[in-house]
Amino acid sequence: MSGLFTFAGLRDPDAKNPVPRGREARWLASGEKSGMLAHTRRRHQPRSALRLREPKKLPVALSTADATKLVTSLRTWRDRAMAGLMLWCGLRSCEVLALHVKDVDIGGRWITVTGKGAKQRRVPLDADVASVIDVYLLAERPASDSDQLFLVAKGTHRGQGLTAAGLRTIFRYHRDLTGVAGGHPHALRHTFGTVLAEAGVDLAVMQALLGHAHVDTTARYVHLAPVHVKGEFDAARERIRTQLH
C-alpha cells in the first residue's frame, strides 16, 4: 500500500504518504489495530524532563530509654541474642535470620554476615551478645538437623528456622507490651548506626560495619547525630579562630 502512495507522489510531489513507515509504524499502543489506518492514532506523548525526587526517609533511631525498655522485655535467650545482634552489632533483621551456627565465632568474637546481594562481611561480635548466644546454644536451642542459628522454640514448627514473619510477631508483641511504638527490628540497627555517628566513628568504618554499598547511605546517620555535628562545628570554629589570630 505504501508503494501505491509513493507512485501517486510522483504525480503530486506535495502529497504526503499517510502510511507510517519505520519507527512510526511501531507507534501502536496496546490493543490498537495496525494497518493502513495506523497513522490515525496519537503519537506517544514524550515524558516530561522534569522529575520530582522523593525525599529519602532518614533512619529512625530509638532513644536510650526506649531501646532499654524494649530489649529488657525480651525473656528468651534467643530473642535477646537477636536483638543484641541488631542493636550492638548493627545487623539487619534478615541478616540475623540468615545466620548459621558456623557463622558465629564466639571465642574470637567475630560474625560472618551475609548481606544484600549475597555479599559477605566480618563484623566484630559484642562480648555481652556473644555470652547470650553461648547460653542460647548450650541451654535453649532445640535439637535440630537445621544449621540455622535461630530456630523456632515450640509448637509444630519447633526446630525449624525462625522466619521473618515469626520475628515480626515477636517484636509486635513486645511493642504492645512496652508501649515502645517504634520498636521495630530495623530501629535497633538504626540506633546502632546513630550511636556510631554520635561517637564520631569514621564513615568508612561505619560503612563496613553496616554493610552499605554506598557511603551516601551511611552518611544519613550523621544527620541524626546533632551532638557529633555540633562537636565537629565547634572544632572547626576553633581552628578558624586560631588561624585568624
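Quantities reported herein were computed from a predicted structural model and do not represent experimental measurements.

### So, helix H5 (residues 127–140)
Here H5 spans 19 Å end to end across 14 residues, near enough to the 20 Å set by a 1.5 Å rise per residue. If you check which residues of H5 are buried, you get Val129, Ala130, Val132, Ile133 and Tyr136. Mapping the buried residues of H5 onto a view down its axis gives an arc of 160°, with all of them on the same face. Opposite its buried face, H5 presents the exposed residues Asp128, Leu138 and Ala139, each directed more than 90 degrees away. For H5, the elements touching its buried residues are helix H3 (77–87) and strand S1 (104–105). Where H5 begins, the side chain of aspartate 126 points an oxygen toward the backbone nitrogen of aspartate 128, at a separation of 3.0 Å.

### Structural notes on the sheet that holds strand S2 (residues 110–114)
Ordered in space as S1-S2-S3, the three strands form an open sheet in which the pairing is antiparallel. The sheet is open, and its two borders are formed by S1 and strand S3 (120–124), each paired with just one other strand. In this structure, S2 lies alongside S3, joined through five bridges in antiparallel fashion. Within S3, the residue paired with isoleucine 111 across the bridge is valine 123.

### Here's the deal with the packing of aromatic side chains
By the definition in use, this model includes one aromatic pair. Here the aromatic rings of tyrosine 136 and phenylalanine 150 are separated by 5.5 Å at their centres, their planes lie at 35°, and the arrangement is tilted. In this pair, tyrosine 136 sits in helix H5 while phenylalanine 150 sits in the loop between H5 and helix H6 (164–178), placing the two residues 14 residues apart along the sequence. Accessibility expressed as a relative area gives 0% for phenylalanine 150, which makes it buried. Of note, arginine 122 hangs over the ring of tryptophan 110, and the distance from its end group to the ring centre comes to 4.5 Å.

Conventions adopted
Residues numbered from 1 in each chain as written. Predicted model: local features only at pLDDT ≥ 70, side-chain atom pairs only at ≥ 80, totals over all residues. Heavy atoms only, no water. Helix = DSSP H or I, 4+ residues; strand = E, 2+ residues; numbered from the N terminus. Expected span 1.5 Å × (residues − 1). Buried < 20%, exposed > 50% of the residue type's maximum accessible area, 1.4 Å probe, protein only. Arc of directions from axis to C-beta. Contact = heavy atoms within 4.5 Å. Polar contact = N/O pair within 3.5 Å; in protein donor to acceptor, adjacent residues only side chain to side chain. Pairing = 2+ DSSP bridges. Phe/Tyr/Trp six-rings, centres within 6.5 Å; stacked < 30°, edge-to-face > 60°. Lys NZ or Arg CZ within 6 Å of the ring centre and 35° of its normal.

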